[in-house]
Amino acid sequence: MGKSRSARNNELPRRKPAPPMDEPKVVTATTQAMIGRTDTSVSGDAVFQTIIGNLADAVFVHDLDGDFLLVNPTACQNLGYSEEELLQMGVEDVDAECIERDDRQRYWLSLKPGQKVMQRVRHRRRDGSEYTADVHINRINLDGQPAILAVARDLTELLQAQELHRKTEEMLLQSQRIAHTGSFIRDLATNEVTWSDEQYHLFGYEPAEIDLDYETVVEHIHPDDRQQFLSSNRALVEDNQEYDCEYRIVRKDGAIRWIRSRAIIERDDSDQPSRVVGAIQDITETVRVRTEREFDRELMRTMLDTSSEVMFLMDPEGTIVACNEALETRLGLHTHQIIGKSALELIDRDVADTRRQHVSRVLKSRKGVTFEDQRAGRFLRHTLQPVLDDDGEVKYIAVHGADLTDIRATETELEHKQLLLSQAELLSASGAFEWDLADGYFYASDGWKRIHGVSADRLTFEELTPLAHPEDRDRVKAAVEATISGKSDYNVEHRIVRADNQETRYIRANAIVQRDKDGKPVRILGSAQDITDQHFAHQHLAESEERYRTLIDTATDAIIVANPHTSIIIDANRQAEELLGLSHDEIVGLHQTEIHPPEEGECAKSKFGQATQNQGERYTQMHVQHKDGRRIPVEISSGGVVKAGGTDVHFGIFRDISSRLEAEMAERERQAELEQVFKAIPDAVLYADTQRRIVFVNPAFTEVFGYTANEAVGQSTALIYNSEKEHAQAGQQRYNPDCPADYSSYEIEYRKKNGETFLSETVGTPVFDSNDKLTGFLGIIRDITEKKAAENALKESQRFTQMIADTTPSLLYIYDVDENRNIWVNAATSVRFDWSESGTADDVTAMVHPED
């Protein structure tokens, strides 16, 4: 039989005895009667006391007023109170969301004995902080009085772990989406391949749209790159060689994209390759820009250097920033002696003022200027053309200088009889013409006719007009009128529309006016040159140089260009200036080791040598020295040595990784904290993905099941079930994305590594990302073998008590006055009065002697 009430009170202190009820609800026939027959009755048995006292969850027993009658040590620990303090308190003191007293009592009275209810609540600690708990509520009888048993599980650590996991998963997904980077895992035993969501997107699929294996991945590699891909993978697996290659893929829609892939090998306990883990990044735009920039710059430099005419580029202050070989030849200087010098310093002082005026006109009008002058017996024509930035301001001035000495000499000989032929030869033009202003006819050479696609030797003004492009006709007409009036020479570049095939071409036309002795114009003599290719070459050259500069200056990373042979820096973008705290002029001319801390000088020198010799050094981590002395960690990558205008250059891309290293350190600290949390949980914890493959287990899992983390991770959760059938049933009922989430605990029998089985209480929790997408399941498993044994012992004790009561000749019964019926009778009472447990008040009255 159970202990007396006073004995129980000595073991588990109560706040106060249950208050006497105005109208007794339960009448006991004997003082040793059982407190109740249902499983919800609480006994003072020592087993019950032991369970309550050692339970990892907080246990509260309170009356219908909410006053605590019993608490266990876990409750005291969770709330920060001693037992004596808690027993002077009630539900409203610890429940942060407690409802009104009358509502509480109605709710508790509505519970039926044996009915279990779970609520998620907020508990308030002694220090005022709050935490979330899952509370299992049961209505019980305690010392014959109705009471509430509440078992509360503190969810603080669990919710924190879930939030940390969610944030980590979301951070990974977001970073991959932003960087267009995917990740993959290839199981070498099964050839099964697992992709991240972004990897599916890079290949043109929705996540999990196709079933993956290694053969499927190979099919998406461009046929021309497939052998390289296979060879790199074999070298990685067989020889453990570094895997870092670029190749093309064919997306689902047929589009071709460039991919950079890096991977490592994971080995099993026998040091055998088990998995390939890697990442890919879409570098299509990088490859395109790189190829186009190298081609454009080489083409631009080639065209500039093969021109016999002087060309150079200067900034608004007149400083030369680029030039061709013709200028070097003209001045007798090398490129490095010209670049950075003022253009006005390289010419005679007697023409410097005039040139300065022309530059001012270009800066003020933002329009091109053409002028001629004579020096040392040479006739020169100069064209200054502004290069505007996005805001319409002059960024550079392109200077084109042509030696007209031979042309001017030719013009003095134009009066001889073979004027047309002489004009064509001496002007070095592709076609010559004569326009007789008296008769109005236009006479053309064969070369002029070839350019314009006409066959007639003589044209009228009406036939000539359609040959000029419609958008340029007014400009050509105005130039002709200005030439005839003597206001200017005729020197016009414009478009034509060929008469034979309507093709648009660009020409440069030059002409002079012949006048009679009275100064009246009588004819126009001139030439036309097809400059279509030259026009597009100049246009492409300007656009290419501008694109190159724009790419350099708008890059998010610092870019430093150096001479690979001398290690001297020759260019840097704005991001490099910000990274080093130096101006462009302060950076240019430095040795590449000077931008690093002194102690890393030798290492920087070695890395630079490797990068130039091996055609690129990928992702080297070092430090650069800021002007203020700060050492800034950077990640450096390079494309090796490339040709630019016949000159070797080396590009270095410097990325400030301070924030990334801080984030990595913070993540490592968070992971360490998370690891400590999981180690401290006494229950076995298991996290599995949506395919029910184990991703993580805590140390308690190993203690319970006998499997180490290495043995469990990656395995199906079927590992711990008694049979595949039970595993499948659990998947259908609880671990199924199509089923509603069920957070309640349930009992199930599991199998340990050694084959033993045990009964557990399991709480399964689905894990969702920020988009409410199910990412996996978290299971908390508690071995309740001993708990069940204690419950069975209690039931056996109650059964034994019932058996003793049924064998005694005394009449024993318990009668509920409110219900007007018996709730328990022993065998003697049942036989003597023919009563059952449903007997009524009339039955009780009938057994009493009429006189009594």
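Residues numbered from 1 in each chain as written. Predicted model: local features only at pLDDT ≥ 70, side-chain atom pairs only at ≥ 80, totals over all residues. Heavy atoms only, no water.

Asker: Teacher, can you tell me more about the overall build of the protein chain here?
Answerer: Scanning the protein chain from N- to C-terminus turns up 30 helices and 33 strands. Residues classed as buried in the protein chain amount to 41% of the 852 residues present. Long-range pairs, those at least 24 residues apart, make up 43% of the contacts in the protein chain between residues at least 6 apart in sequence. Total accessible area on the protein chain stands at roughly 46,700 Å², and carbon and sulfur atoms take up 50% of it. (Helix = DSSP H or I, 4+ residues; strand = E, 2+ residues; numbered from the N terminus. Buried < 20%, exposed > 50% of the residue type's maximum accessible area, 1.4 Å probe, protein only. Contact = heavy atoms within 4.5 Å. Areas by Shrake-Rupley, 256 points an atom, 1.4 Å probe, with all protein chains shown as cover.)

Asker: So what exactly am I meant to see when it comes to the nonpolar core here?
Answerer: Across soluble globular proteins, nonpolar side chains have a tendency to be buried as a group. Counting residues in hydrophobic clusters, the biggest one holds 25 residues, and the most contacted among them are Phe60, Phe68, Val71, Leu79 and Leu86. Counting residues per element, the ones that place at least two in this core are β1 (58–62), β2 (68–71), α3 (73–79), α5 (91–94), β3 (116–124), β4 (130–142) and β5 (145–154). Here this core gets 4 residues from one element, more than from any other, and that element is β4. Discounting chain neighbours no more than four positions away, the residues touching Leu79 are Phe60, Leu86, Val94, His123, Arg124, Arg125, Arg126 and Tyr131. Counting 23 residues, the second largest nonpolar core, distinct from the first, contains Phe184, Val218, Ala263 and Ile265. (Core = buried A, V, L, I, M, F, W, Y, C linked by side-chain atoms within 4.5 Å.)

Asker: What is the right way to read unusual backbone geometry from this model?
Answerer: Of note, the phi angle at Asp271 is positive, near 60 degrees, even though the residue is not glycine. In this structure Asp271 comes out as exposed when scored by relative accessible area, which is 52%. Its identity is not glycine, yet Arg692 carries a phi of approximately 65 degrees, on the positive side. Structurally, the position occupied by Arg692 is in the loop between β27 (684–689) and β28 (694–697). Classification of Arg692 as buried rests on a relative accessible area of 10%.

Asker: Honestly, the side chain of Ser760 in this entry has me stumped. Any pointers?
Answerer: Note that Ser760 resides in strand β30 (residues 757–768). A polar side-chain atom of Ser760 sits 3.1 Å from a polar atom in the side chain of Thr762. Those residues in contact with Ser760, other than ones at most four positions away along the chain, are Tyr746, Glu747, Ile748, Tyr750, Ile781, Arg782, Asp783 and Ile784. (Polar contact = N/O pair within 3.5 Å; in protein donor to acceptor, adjacent residues only side chain to side chain.)

Asker: Help me out: how do you make sense of the sheet that holds β27 in this one?
Answerer: Note on sheets: strands pair through backbone hydrogen bonds, and any given pair is parallel or antiparallel. Across the sheet, 5 strands lie side by side as β28-β27-β31-β30-β29; this open sheet has antiparallel pairing. On the outer flanks of this sheet lie β28 and β29 (745–751), each paired with one strand and no other. On average, each strand axis in the sheet is tilted by 30 degrees relative to the strand beside it, whichever way the strands run. Two strands pair when backbone bridges link them, and β29 and β30 are joined in this way by 7 bridges, in the antiparallel orientation. Looking at the pairing, Ser745 lines up with Val763 of β30. (Pairing = 2+ DSSP bridges. Axes fitted to C-alpha atoms, helices over the stretch in contact; angles between N-to-C directions.)

Asker: Just checking my understanding: could you explain the packing of aromatic side chains for this structure?
Answerer: Aromatic ring pairs: the centre-centre distance and the angle between the two ring planes describe each pair. All chains considered together, the criterion is met by 14 aromatic pairs. Ring plane angle 45 degrees and centroid distance 6.1 Å describe the contact between Tyr750 and Phe758, whose orientation is recorded as tilted. Owing to a relative accessible area of 2%, Tyr750 belongs among the buried residues under this scheme. One aromatic cluster is present, formed by Phe433, Trp435, Phe442, Trp448 and Phe461 through successive ring pairs. A cation over an aromatic ring shows up here: Arg186 above the ring of Tyr214, its NZ or CZ 3.6 Å from the ring centre. Positioned above the aromatic ring of Tyr441, the side-chain terminus of Arg458 is 3.7 Å from the ring centre. (Phe/Tyr/Trp six-rings, centres within 6.5 Å; stacked < 30°, edge-to-face > 60°. Lys NZ or Arg CZ within 6 Å of the ring centre and 35° of its normal.)

Asker: Could you clarify how one ought to interpret empty space enclosed by the protein in this entry?
Answerer: Unfilled space is identified by rolling a water-sized probe across the atoms. The tally for this structure, following the rule as stated, stands at 5 cavities of 30 Å³ or more. Counted as a void, the largest cavity has a volume near 230 Å³. Around the largest cavity, the lining comprises 19 residues; the ones closest to its centre are Gln592, Phe608, Ile636, His650 and Phe654. Of all the secondary structure elements, the ones that give two or more residues to the lining of the largest cavity are β22 (558–562), α23 (601–613), β24 (620–625), β25 (631–644) and β26 (647–656). Looking at the lining of the largest cavity, the element that brings in the most residues is α23, giving 4 residues. (1 Å grid on protein atoms, 1.4 Å probe; cavity = no way out; pocket = protein on both sides within 12 Å on 5 of 7 lines; lining within 4 Å. Points joined across faces, edges and corners; volume = space filled by probe spheres on them.)

Asker: I would appreciate a short explanation of the confidence of the model for the protein chain in the present structure.
Answerer: Note that predicted coordinates carrying low pLDDT should not be read in detail. Of all residues in the protein chain, 78% have pLDDT values of 70 or greater, and the mean over the chain is 78. Taken as a whole, residues 1–45 scores under 50 in pLDDT and shows 77 contacts with residues more than four places along the chain or in a different chain. (pLDDT = per-residue confidence, 0-100.)

Asker: Before we go on, may I ask you to explain the sheet that holds strand β8 (residues 243–250) in this structure?
Answerer: If you walk across this open sheet you meet the 5 strands as β7-β6-β10-β9-β8, and the pairing is antiparallel. Each edge of the open sheet is held by one strand with a lone partner, namely β7 (193–195) and β8. Strand-to-strand, the axes of this sheet are offset by a mean angle of 25 degrees, without reference to chain direction. The pairing of strand β6 (residues 181–187) with β7 spans 3 bridges and is classified as antiparallel. When the sheet's bridge partners are listed, Ile185 is paired in β7 with Thr194. Of the strands in this sheet, β6, β8, β9 (256–267) and β10 (273–282) are in contact with helix α10 (residues 226–239), which crosses β8 at around 150 degrees.

Asker: Is there a simple way to think about the pattern of salt bridges in this case?
Answerer: Pairing is possible between side chains that carry opposite charge, provided their charged atoms lie close to one another. Throughout the structure, instances matching the rule amount to 42 salt bridges. In this structure, Glu393 engages Arg366 in a salt bridge whose closest nitrogen and oxygen atoms are separated by 3.3 Å. Here Arg366 lies in the loop between α14 (349–365) and β13 (369–375) and Glu393 lies in the loop between β14 (378–388) and β15 (394–403), a separation of 27 residues in the sequence. Residues participating in the shared-partner salt-bridge network are Asp57, Arg153, Asp683, Glu761, Arg782 and Lys787. (Salt bridge = Lys/Arg side-chain N within 4 Å of Asp/Glu carboxyl O.)

Asker: Is there a simple way to think about the pairing of β2 in this case?
Answerer: For a regular strand, side-chain orientation follows a simple rule: the groups alternate between the two sheet faces. Where β1 lies against β2, 3 bridges are found, and the strand directions are antiparallel. Residue pairing for β2: Phe60 is matched across the bridge by Val71. What sits between the antiparallel neighbours β1 and β2 is a turn of 5 residues, in which Gly66 has the positive phi angle 90 degrees.

Asker: Hey, could you run me through the environment of Ala555 in this one?
Answerer: With respect to the helices, strands and loops of the structure, Ala555 is situated in the loop between α20 (532–554) and β22. Owing to a relative accessible area of 17%, Ala555 belongs among the buried residues under this scheme. With sequence-adjacent residues up to four places away left out, Ala555 is seen in contact with Asn573 and Gln575.

Asker: Would you mind showing me how to read the environment of Gly204 here?
Answerer: Residue placement: Gly204 occurs in the loop between α8 (197–202) and α9 (214–219). Note on Gly204: relative accessible area 25%, which makes it partly exposed. In the structure, Gly204 is positioned 46 residues away from Val250 in sequence and 9.0 Å away in space, judged by C-alpha atoms. Other than its neighbours up to four places away in sequence, Gly204 contacts Arg251 and Lys252.

Asker: What exactly am I supposed to notice about the side chain of Asp282 here?
Answerer: Assignment of secondary structure puts Asp282 in strand β10. In terms of polar contacts, Asp282 uses its side chain to reach the side chain of Arg257, at 3.1 Å. In terms of polar contacts, Asp282 uses its side chain to reach the side chain of Thr284, at 2.7 Å.

Asker: In this structure, what is going on with the environment of His452? I would like to understand it.
Answerer: Within the element layout of this structure, His452 appears in helix α17 (residues 446–452). When the C-alpha positions of His452 and Ala468 are compared, they lie 9.4 Å apart, and in sequence the two are 16 residues distant. Apart from residues no more than four positions distant in its own chain, His452 is found in contact with Leu467, Ile496, Arg498, Ala499, Ile507 and Ala528. A polar contact of 3.0 Å, which involves the side chain of His452, links it to the backbone oxygen of Trp448.

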